[in-house]
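Each chain, letter by letter, is given below.
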Amino acid sequence: MPEKVESEEGPSDPTIDANKRPPPTEEKEGGTKKTPECSVQKDEITPQLNKRLEKGDLWYLLDVRWFKHWKKYVGFEAWDQQQMGSETAHPGPVDTSCLFKDQKREVLKDHLMEDLDYSLVPADVWKKFVSWYSLEESSRPIRRRVVEYGLYVKRLKVEVYLVEFKLALHPDVDTFVMKKFSRLDTVGQVLNAMKQQFNIPEEKECRLWHKYMFSPYDLLKKLDETVQDAGLYTNQLLLLEQKKDDGSWPRETITYSGTNMSSVRSSDINSDNRTSSSYTSTTSTTTSMRSGNTSSYFDYHNQPSIPGTCGLTNLGNTCFMNSAIQCLSNTYALTEYFLKDAYCKHINAKNPLGMGGSLAKAYGSLLHELWSGTVSYTHTRHLKATIGKFAPQFVGYAQHDSQELLAFLLDGLHEDLNQVLKKPYVDMDIKSDNKSDKEIAKEAWMKYLQRNKSVIVMLFQGQLKSTLVCPSCKKVSKIFDPFMYMSLPLPIKKTRDLFIYLVRVDPTERILKVKVTVPKHGHIGQLLREVSNQTGVDKDKMVAIDVYNCRFHKIFDIRDNISLIMDRDDIFCYEVSISSAQDPNFTVIPVYNREKVIRTVNYTYGSSYSSTYHQLFGVPHLVTVPRADLTYRKLYDILVTHMRRYVKNPSKMQSKIDSKEKATL
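The written sequence of each chain sets the order in which its residues are numbered from 1. Given that this is a predicted model, residues contribute local features only at a pLDDT of at least 70 and side-chain atom pairs are listed and counted only at 80 or more, while totals for whole chains, interfaces and linings are drawn from all residues. In computing side-chain properties, one takes all heavy atoms of the structure into account and sets aside hydrogens as well as water.

Focus on the overall build of the chain
At step 1: The way it works is that DSSP assigns letters per residue, a run of H or I at least four long becomes a helix, a run of E at least two long becomes a strand, and they are numbered from the N terminus. Within the chain, the regular secondary structure consists of 15 helices and 29 strands.
At step 2: Taken over 665 residues, the chain has a buried fraction of 41%.
At step 3: For the accessible areas, the method is Shrake-Rupley and the probe is 1.4 Å, while residue cover comes only from the protein chains on display. Carbon and sulfur atoms make up 52% of the accessible area of the chain, which amounts to about 38,300 Å² in all. Relative accessibility under 20% of the residue-type maximum defines a buried residue, over 50% an exposed one, and the middle range a partly exposed one, all with a 1.4 Å probe and only protein chains included.

Notes on a nonpolar patch on the surface
At step 1: A cluster of nonpolar side chains, L464, M486 and L488, forms an exposed patch at the surface whose accessible area comes to about 320 Å².
At step 2: For M486, the location among the structural elements is in the loop between β20 (476–483) and β21 (495–503). Grouping into patches uses exposed residues only, defined as over 30% relative accessible area, and leaves out salt-bridged ones; the cut-off is 9 Å for like charges and 5 Å for nonpolar side chains (Val, Leu, Ile, Met, Phe, Trp, Tyr). Here a salt bridge means any side-chain nitrogen of Lys or Arg lying within 4 Å of a carboxyl oxygen belonging to Asp or Glu.

Remarks on the state of the cysteines
At step 1: Disulfide assignment relies on a single distance test, namely cysteine sulfur atoms paired within 2.5 Å. Taken as a whole and judged by the stated rule, the model has 0 disulfides.
At step 2: With no disulfide of its own, C470 lies closest to C473 among cysteine sulfurs, the gap being 3.5 Å.

Things to note about helix α6 (residues 319–329)
At step 1: Those residues of α6 that sit buried are F320, M321, N322, A324, I325, L328 and S329.
At step 2: Should any heavy atoms of two residues lie within 4.5 Å, those residues are counted as being in contact. Packed against the buried residues of α6 are β17 (311–312), α7 (332–339), α8 (358–370), α9 (381–390), α10 (402–416) and α12 (455–460).

Some thoughts on the side chain of E241
At step 1: Position of E241 among the secondary structure elements: in strand β14 (residues 237–242).
At step 2: Owing to a relative accessible area of 0%, E241 belongs among the buried residues under this scheme.
At step 3: Definition of a polar contact: a pair of N or O atoms within 3.5 Å, with one able to donate and the other able to accept a hydrogen when the atoms are protein atoms, and with sequence-neighbouring residues admitted only if both atoms are side-chain atoms. Reaching out from E241, the side chain makes a polar contact with the side chain of R207 at a distance of 2.7 Å.
At step 4: Excluding residues within four positions of it along the chain, E241 makes contact with H170, E205, C206, R207, W209, W249, P250 and R251.

With respect to the packing of aromatic side chains
At step 1: Between rings of Phe, Tyr and Trp, where Trp is taken as its six-membered ring, a pair exists when centres lie within 6.5 Å; planes separated by under 30 degrees are stacked, by over 60 edge-to-face, and by other angles tilted. Inspection of the entire model under this criterion finds 20 aromatic pairs.
At step 2: Plain terms: the ring middles of F338 and Y363 are 5.1 Å apart, the flat faces sit at 85° to each other, and that makes the pair edge-to-face. Taken together, the residues F338 in helix α7 and Y363 in helix α8 connect sequence positions 25 residues apart.
At step 3: With a relative accessible area of 0%, F338 lands in the buried category.
At step 4: Their ring planes at 85° and their centres at 5.6 Å tell us that F552 and Y574 sit as a pair that is edge-to-face. Placement of F552 in strand β24 (residues 551–555) and of Y574 in strand β25 (residues 571–575) is noted, with a sequence separation of 22 residues between them.
At step 5: Three or more aromatic residues joined by ring pairs make a cluster, and in this case those are W66, F67, W70, F76, F129, W132 and Y133.
At step 6: Here the basic side chain of K166 rests over the ring of F176, its NZ or CZ set 5.3 Å away from the ring centre.
At step 7: Two thresholds decide whether a charge sits over a ring: the Lys NZ or Arg CZ must be within 6 Å of the ring centre and within 35 degrees of the ring normal. Positioned over the ring face of W249 is R207, at 4.3 Å from the centre of the ring.

Some remarks on the sheet that holds strand β23 (residues 542–548)
At step 1: The strand order across the open sheet formed by 5 strands is β22-β21-β25-β23-β24, and the pairing between neighbours is mixed. Among the strands making up the open sheet, the edge pair consists of β22 (512–519) and β24. Pairwise comparison of adjacent strand axes, ignoring direction, gives a mean angle of 45° for this sheet.
At step 2: Running over the sheet, helix α13 (residues 524–535) touches β21, β22, β23 and β25 and is turned about 130° from β22. Only strands joined by at least two bridges in the DSSP assignment are considered to pair. In this analysis an axis means a line fitted to C-alpha atoms, helices contributing only their contacting stretch, and an angle means the value between N-to-C directions, from 0 to 180 degrees.

Brief notes about the packing of α6 against α10
At step 1: Two elements in contact, α6 and α10, have axes separated by 8 Å at closest approach and are oriented at 50°. The orientation of α6 with respect to α10, classified from their angle, is oblique. At the point where α6 passes α10, the crossing takes the right-handed sense. Of the residues in α10, those in contact with F320, M321, S323, A324 and L328 of α6 are S402, L405, L406, L409 and L410.
At step 2: Nonpolar residues are Ala, Val, Leu, Ile, Met, Phe, Trp, Tyr, Cys and Pro. Charged residues are Asp, Glu, Lys and Arg, and all others, Gly as well, are polar. Along the lines of polarity and charge, the residues of the contact of α6 with α10 split into 8 nonpolar, 2 polar and no charged. Relative orientations are named as follows: roughly parallel for angles under 35 degrees, roughly antiparallel for angles over 145 degrees, roughly perpendicular for angles from 65 to 115 degrees, and oblique for any other angle. A clockwise turn of the near helix away from the far one marks a right-handed crossing, whereas an anticlockwise turn of less than a right angle marks a left-handed crossing.

Description of the pattern of salt bridges
At step 1: The final tally for this structure, using the stated rule, is 19 salt bridges.
At step 2: A salt bridge links D437 to K465; the nearest nitrogen and oxygen atoms lie 2.6 Å apart. With D437 in helix α11 (residues 437–449) and K465 in strand β19 (residues 462–469), this pair connects stretches of sequence that are 28 residues apart.
At step 3: The closest approach of N and O atoms between R496 and D567, which form a salt bridge, is 2.9 Å. Pair noted here: R496 is in strand β21 and D567 is in the loop between β24 and β25, with a separation of 71 residues, a long-range link.
At step 4: For R496, a relative accessible area of 12% gives the class buried.

Some points on α9
At step 1: Most of α9 is tucked away, with 8 of its 10 residues classed as buried.
At step 2: Along α9, the residues that are buried comprise R381, L383, K384, A385, T386, I387, G388 and F390.
At step 3: Elements that come into contact with the buried residues of α9 comprise β12 (206–211), β13 (218–220), α6, α8 and α10.

Comments concerning the nonpolar core
At step 1: Side-chain atoms within 4.5 Å are what join buried Ala, Val, Leu, Ile, Met, Phe, Trp, Tyr and Cys residues into a set we call a nonpolar core. One finds F338, Y363, L370, L383, I387 and L413 to be the most contacted residues of the largest nonpolar core, which totals 35 residues.
At step 2: If you list the elements that add at least two residues to this core, you get α6, α7, α8, α9, α10 and α12.
At step 3: Among all residues touching Y363, those that are not within four sequence positions of it are L328, S329, L334, F338, L383, L409 and L413.
At step 4: Counting 21 residues, the second-largest nonpolar core is a separate cluster that includes C38, L62, V94 and V125.

With respect to the environment of L191
At step 1: Looking at the element boundaries, L191 is found in helix α4 (residues 187–197).
At step 2: A sequence separation of 47 residues divides L191 from L238, and the C-alpha atoms of the two residues are 9.3 Å apart.
At step 3: Setting aside anything within four residues of it in sequence, one finds L191 in contact with C206, R207, L208, L223 and L240.

Side note on the environment of D429
At step 1: Positionally, D429 belongs in the loop between α10 and α11.
At step 2: A relative accessible area of 48% places D429 in the partly exposed class.
At step 3: Taking the C-alpha atoms as reference, D429 lies 9.9 Å from K447; in sequence the two are 18 residues apart.

The values are spatial; any link to function lies outside them.
Printed below as a string of structure tokens:
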């Protein structure tokens, strides 16, 4: 796909020019301006570093390592002045190159963190640093503006990462220009920047469409909306469309009605607040799905449907939102309330806890679309942007919890539709003496309705009874609290299944794989008891061991918690001949299987090299041996006997071979 790439910033920062760099030094009387003494630098810079953020101010990004070197050089910290003024501590030219991922396009590295990767300094501090130390040839200044976030609680922040769009001109959607904008730039500013980019006269009437991933094109109507409020995000495609001389728009969508096909202008479709479903060319008469930007004659978006059976487009990880909205949409009592526009007379625009009615209006508009019966699917962009304006956690296209979204939506609708315009003070202390539960609940509910009265309260809220008993006087207190959500714990399995390998003391018995069910928070003694119940082996004569890599990794005590056993662990239960490790006559020793391996390396020029090493193999053993009179020969015989389940007795094999040889002779 052809792509034209530019590195200039959008209208949010008109002072930035990627190809211009400030002069490294200032000339004065034919020579370079002298760098002030370290103490003078410190005195000039320190007050400015404490400057407060002001909306619209320019701040610069500094490499935190360069900044730390400068602090050492000027003795910025009272406890770190050993290298003050030393040539070895001189920071050198200001260098920001390590902050860029793509320096030509001025793309910063991902996930840069303040005070870890970069430091922010005011414009005056940056200018002083550049005039004193110059700017590294390979570096560029990184300017960013201070922007304001939040609806109720305003906070200022330096917008380090700008949002980058793909800008295209109709009809060539495959050729685009990358351009950066601030999230607080308006749609109108973006449109004007695109006009300049594509050399379109300022007086020419244009409109702007946006598209995210595989979702349909959508018209951006509100030019005074900010990029953030419009729900625009990095890498979205913005399409600029020019009006024809005859007053029509080039973009048309082709609809299918019975056996007849007709062309309808997208401007007509948008007259009732519905945008065209996809980008379609008027000259195309064949089905085309090139680049995912065109649709066939059969336009599924505009197909009639049964009211309420309308799909919602996934805008990108918005399935959590779509599922919650579909569930709420099929709550018929609430949906009927919105479809009859009864909510319009209940909007409480002055409620400080609400959203000025914007959430109720956005949800009502979406419900009208879902239940119109004229489209088979629609999108939730406007509702999502409205929610994101008041709940920043839902901004963007990250995955979220559906229940959290539903909780915020119901709370927001309640406050937007709360019919109590001025909430009075209500004393919720209710005397429960000699009153029935019904009387107490009714009194509590009536007091609650004095401050909260909406369709959400009537349909979704109830009361939860809680009873408190005083341990001293035995007085009973009953409280009925309002609730809208009932969080119930999922059933937690209290047991777990483990597969245990039982190694019997009898070497003729094969290793047995046993499945046992034990308490999750039980102890090893319970595990041994369960193995004993299934196999008949005395639990006091078993040892539980974690075997890893052909060796004993951990020998468990009977008091150890079963939670120490991971699901991937191989647990062996060894039957031993003694019931106590303190037996005075016998002891238990671990035995590993080891084999000799000869490795030969052949070189290209014909020679070879051989090396010998030993490696462990198979399942290790626990062998009971006498403490007294144990010779190597006796130990060997015990081990050979113990390994009968794997190998035959070598002495018996040799005797059989000898007897065969004699018979042959």
